[in-house]
Amino acid sequence: MMLMLLILVHLNIEETEILMALELQKQELIYMILQFLKENKYKEIVHKLEKESAVFFNMPHFEEMMYMGQFDEAQHYLLAFTNLKANRYSKKIFFEIRKQKYFEALDKHDNEKALEILKKDLSVFASDHESLFEEMKQLLAIKDFREMALLSTYKDTQTARKLLIVELKKLLRANPLIREKLSFPDLEPSSLQKLLEKRQSDNTRLQTPVIDKMMPTAKESEPVIFMGANTPLEGMQMPAQTSLKRKHPLECATMAVRTPLSMPNQHSAGTGAAMNPSSSNPAASSSCRGNSHPLLRTRSNKEIFNPSLGGSKSSLNLTNDLPKIVGGMLDLRSPPTSMDFHPSEHTLLIVGTSTGKIEMWDVRSQENMFSRMFSIWNNKEGGSQEKMSSRNFSFLNQEEGQCSKSEGKVRTGSPSVNRVLWSPDGSLFGAAYSERIVQLFCYCGRNSIFDLMELEAHAGSVNDLAFACSNDRRFLITCGHDATIKVWHLVSGAILYTFKGHKSPICCVVSSESHNLQNIWSVSVDGKIKQWTYGKCRAIAEYDAPGFCLTTMSFSADGARLISCGTTQDGVSYLDEWCEKRSIRKRTFQGVGKCSFGVMQFDMAKNGLLVAGDDFSLKFWDLNAVNLAKPIDANETLPASRLVRLNKEGTLLAVNSDDNKIKILVSVNGLPLLEINERVPPVPDITPKGGDKRVLRAKEKRPLEEAQNGPMVGRFTELNEPSQFRLLRLLPYSLITSKILKLAYLHSGSGILALSEDAIHLCWRWSCKATTSVHPRLARNKFGEAMTNDLTRMRDEALACFAVTPSDGYLLSSSGGGISLFNLKTLENVITFMHPPPAATNIAVYPWDNNIIAVGMNDSTVHIYNVQKKEIIKKLTGHSKRITGLAFSNVLNVLVSSAADAQLVVWKTSGEWERLRSRYLWIPNEKRRGKTMDVRVQFSQEQTSFLAVCQAKLAVYNAMTLNCVREWNVNKTSSSISDATFSCDGRLVYTGFMNGTVCIFMAEDLQIRCRISPGAYLPPGERSKIYPVVVAANPEKPNQFGVGLSVGGVTVFEPLETEEQWGLPRSH
């Protein structure tokens, strides 16, 4: 890079020497320089460095060039990151840009320039698609290329450029060479200036702004020995008065690189054999020039000796605590590669095999509960296989279609399973495969296991995975053969962080949270251990594994201890405990033997038991002691290289055996787990089948006056047990913590769509019709991500809204930002429009034209908007507060709007959209009068009357006269209504309450027919804080409905098949 070379020349230091010292910092320094130049508005230099460094793709800059028609400049910028032949995404990006350039020349009737573009720019694509290239040549002979059918919708230049930008952004996100360079790391503001100030105050100790402040220094009380016995480095002096803002940008950049660098350590020795793992001098090997820089914070591989542990005795009871009794044998019929016990159901074991198979076993009954061969879930047809619209005019579709046809099928040679792992709460388990894929499964009971998410995680093998939780957000961490670590959002599937710095494939990753800071440890196959934290673009610590060998790490079952185990090529193994806070070795376990095949495997349990496998033997340690507690020699049926896995209590041990079997060893304390006469019954399925003949608890018929809500007359059925109805939880409650704000079924009845508080859409689809007996699949786009709205900084639940077009083709949605239009087939954003202010609060689709929508705003207006023409047809005024509800009647040709002022207004939809009539809801409770009312409206099946629901009442109105036909009011002491909706046949009204109750009303008289108590469907815990926020009814099944909860997650309800309807018939 020219700019970086100028910096190196200015420093008068050889390039190779600097790059050796800055192997890990080079990218971060570029980020810091880019940030500084941007802060000081050196725009031209910023973009120049972006191109020369190729570490950050500036999407806004690229969009600006495209919008201004600077196509040549945009292509030159792209060439810094990719080229036309790099992959199919790059090829299409260049084609789309050159095609637009060609169309604009034709539109200006500049045939000479158009011919030049055709020969110079587009001819490179002709060899693969001659016929289509000939069609483009024929456009030169047409006076107006819009006469061609495919190009008839081409409008003006600016509109075409905007549409092109949307398409290019999708391709850039999909391009593996660019997609990970689209995000800029989270550096502290003015990081370079702060770095200089730090350098001036302390010339002997440097620390970049991304170094974790909790890391210790050599001045702390506990001894910390750095590798190679490096002393603090002496750097060059900076002037006392240095003004960055007045410097030329090149000088500032030079100073930025000069500041974190120091002269090589003159006291270091042994650099010649620095990185050689076979070196006999570990101390010397750690003092290589590549590790001498203090920013690397390299640690010593020497242990910190703890005298108090050296002579301690084992606290384990050798008779009762060690699992050494054979309790069973599991026949897998293929070699196991990974195992893990469930964190709470202690006899449940998942196993991954070398043939790509995942199995779940109950080791008590030796029953196979679940089995799944590897297959690709995401059939990524979507937009790549669809025919392009006129603006794309693409001849690359054939290529993309061929690439996609091979997906979605079971492969003949399945990849092996590298890792299987349960989440800490046991609601999920994941599998990492030897070919780029990670698959996650939901576990809601032994008879309810379903697919959750599939990710193309890494280029090549995915070697390990880990689950993490921070600030109520749940993550998945993966590492792979491409030497990267990625952090994924467990709900949306989006990549949140990507860590780079290892030179070799990463074999292990573990995570923990300390001082509200999420830490990640990774180990590469060359024996390098790195520590990372979220928001930092580089490792905050690096050190060598003991023996410079392939090593795995793991936290103890209680999360308090970090243990590593590694084996050299000579079979020498190291078993060590690390001090997590200081990332140094705390002690080494004694009694470890040789392991001739691969890396020695180990595991830990809550009772302090540590087990590892040497050649043909198992050895046990007490974590509270250093000396070997008890070696157990296995017989000849155990292979030399062995998998070992303890359950969390340490009472069961799974060990792979010969003939593709797993031997289950049990301790004396664990014998009751395997006793047949003491077996605990399996967890019942949460989706009982209708033919189940189990004895149900008697339903209570009680006077409605005894219920909690409203003046009730007559009798109703109360359901207090989950066995009294069919129930399906679409996601574990532990997975989602964001409130569900909107919920709706697809019009076909084959899916359900939810919008959460964090602007993420969750779209579940059944293979046929929605049912509680089959779990749907959580749909995602071709990038493995969920649809996500623009989210403003000021979160407001009232700003969440969406609407689905009648054909289920598109979704219009907003969460306070602009309105996003999503394609429900590809689950990708097509366009975003109507950006605030004002912000949208409600959306309804015009029944006779999907391109026209009614949008309620938070400024009390209703906008009638044409999406295709991108123009407002009419602005309706009449309300005094934000719009809370909109509903069209395709029989009466009217629109009904409701607002937070409790006013209902009927508008004529034909002609000038004039106001017909209005009235206010009568609120019976004086305490509620004058307060903001979230009034929602919904038309009944006959489309002549509508339901109005707010916190205080349910009411049915005649749409033409606005007369109240019937109503149900909440009394002064009762819980408020959260939401309500008609059933698809208009006979029932499903209603949720703020106390968690769900009531089913008869629509004809608004009398309760059935009541579901909170304890029958809510998760255990603080149920008083959980309630159904939104209610949605199945459009084809009148007795099925779903609720979205305040803690996240969606629950679907149906009556038992033996009853078919909710509650007892009214005649009873």
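Treat the numbers as computed from the prediction; the structure is a model and nothing was measured. Starting afresh in each chain, residues are numbered from 1 along the sequence in its written order. Since the coordinates come from a predicted model, pLDDT governs what is reported: local features require at least 70, and pairs of side-chain atoms require 80 or more to be given and counted, while whole-chain, interface and lining totals use all residues. Values reported for side chains reflect all heavy atoms of the structure, with hydrogen atoms and water molecules removed beforehand.

## Notes on unusual backbone geometry
Phase 1: Cis geometry is found at the peptide bond from P836 to P837, where omega equals -5°.
Phase 2: Assignment of secondary structure puts P837 in the loop between β40 (828-833) and β41 (840-845).
Phase 3: With an omega of -10°, the peptide bond between P837 and P838 qualifies as cis.
Phase 4: The phi dihedral of A759 falls on the positive side, at around 75°, and the residue is not glycine.
Phase 5: For helices the rule is a DSSP run of H or I covering at least 4 residues; for strands it is a run of E covering at least 2, with both sets numbered from the N terminus onward. Tracing the chain through its elements places A759 in the loop between β34 (751-756) and β35 (761-765).
Phase 6: Using a 1.4 Å probe on the protein chains alone, a residue whose accessible area is under 20% of its type maximum counts as buried, one over 50% counts as exposed, and one in between counts as partly exposed. Taking the relative accessible area as the measure of exposure, A759 reaches 0% and is therefore buried.

## What to know about the nonpolar core
Phase 1: By nonpolar core we mean a set of buried residues, namely Ala, Val, Leu, Ile, Met, Phe, Trp, Tyr and Cys, connected to one another through side-chain atoms within 4.5 Å. Ranked by internal contacts, the top residues of the largest apolar core, which has 43 residues, are F57, F62, M66, L78 and Y102.
Phase 2: Every element with two or more residues in this core is listed here: α5 (59-67), α6 (71-79), α7 (88-107), α8 (111-122), α9 (130-138) and α10 (157-174).
Phase 3: Ranked by residue count, the leading element in this core is α7, at nine residues.
Phase 4: Contacts between residues were defined by any pair of non-hydrogen atoms, one from each residue, lying within 4.5 Å. Once residues lying within four places of it in the same chain are set aside, the contact partners of M66 are F71, A74, I97, R161, L164, I165 and L168.
Phase 5: In this structure, A432, F467, V1029 and V1050 belong to the second largest nonpolar core, which totals 40 residues.

## Comments concerning the environment of M65
Phase 1: Structurally, M65 is set in helix α5.
Phase 2: Here M65 falls in the buried class, since its relative accessible area comes to 5%.
Phase 3: Separated by 12 residues in sequence, M65 and Y77 place their C-alpha atoms 9.7 Å apart.
Phase 4: With sequence-adjacent residues up to four places away left out, M65 is seen in contact with Q70, E73, A74 and Y77.

## Brief notes about the confidence of the model for the chain
When pLDDT is low, close inspection of the predicted coordinates is not appropriate.
Phase 1: Residue-level confidence of the predictor, termed pLDDT, takes values from 0 up to 100. Across the chain, pLDDT averages 76, with 73% of residues at or above 70.
Phase 2: Overall, residues 7-24 carries pLDDT values under 50, and its contacts beyond four positions in sequence, including any with other chains, amount to 32 contacts.

## Some details on the sheet that holds strand β27 (residues 644-646)
Phase 1: What the four strands build is an open sheet, ordered β2-β29-β28-β27; its pairing is antiparallel. Either end of the sheet is taken by a strand with one partner, and the two such strands are β2 (325-331) and β27. Between one strand and the next, the sheet's axes are offset by a mean angle of 20°, whatever the strand orientation.
Phase 2: Relative to strand β29 (residues 661-666), strand β28 (residues 652-657) is paired through six bridges, and the arrangement is antiparallel. Looking at β29, one finds that A654 is bridged to I664. Pairing between strands requires that DSSP locate at least two bridges from one strand to the other. Only the stretch in contact is used when fitting a helix axis, every axis being a line fitted to C-alpha atoms; angles between N-to-C directions are given from 0 to 180 degrees.

## Re the environment of T861
Phase 1: The topology assignment puts T861 in the loop between β42 (852-857) and β43 (862-866).
Phase 2: According to the relative accessible area criterion, T861 is buried, its value standing at 8%.
Phase 3: Here the alpha-carbon distance between T861 and K881, two residues 20 residues apart in the chain, equals 8.5 Å.
Phase 4: With residues near it in sequence (within four places) discarded, T861 still touches V855, G856, K875, L876, T877 and I883.
Phase 5: At 3.3 Å, the side chain of T861 forms a polar contact with the side chain of H863. For the purposes of these results, a polar contact is taken to be a pair of N or O atoms within 3.5 Å, where, inside protein, one atom must be able to donate a hydrogen and its partner to accept one; residues adjacent in sequence count only when each atom of the pair is a side-chain atom.

## A closer look at the pairing of β41
Phase 1: The element β41 is largely enclosed, with a buried count of six among its six residues.
Phase 2: The pairing of β41 with β42 spans five bridges and is antiparallel. Within the sheet, the bridge partner assigned to I843 lies in β42 and is V855.
Phase 3: Once β41 ends, the chain turns through six residues before running back antiparallel as β42.

## Some points on the pairing of strand β53 (residues 977-982)
Phase 1: The element β53 is largely enclosed, with a buried count of six among its six residues.
Phase 2: Note that β53 and strand β54 (residues 988-993) share five bridges and pair antiparallel. Looking at β54, one finds that F982 is bridged to V989.
Phase 3: Following β53, the chain reverses through five residues before pairing antiparallel with β54; G986 in that reversal takes a positive phi of roughly 75°.

## Topic: the pattern of salt bridges
Phase 1: For this analysis, a salt bridge means a side-chain nitrogen from Lys or Arg found within 4 Å of a carboxyl oxygen belonging to Asp or Glu. Counted under the stated rule, the structure contains 31 salt bridges.
Phase 2: One salt bridge in this structure joins E104 and R161, with 2.7 Å as the shortest N-O distance. With E104 in helix α7 and R161 in helix α10, the pair connects residues that are 57 residues apart, well separated along the chain. Both residues of the pair, E104 and R161, count as buried.
Phase 3: Between R726 and E1054 there is a salt bridge whose closest N-O contact spans 3.8 Å. With R726 in strand β32 (residues 726-729) and E1054 in strand β59 (residues 1050-1054), this pair connects stretches of sequence that are 328 residues apart.
Phase 4: By relative accessible area, which is 6% here, E1054 ends up buried.
Phase 5: Ionic contacts of the salt-bridge type, sharing partners, join the residues D340, D603, R645 and K648 into one network.

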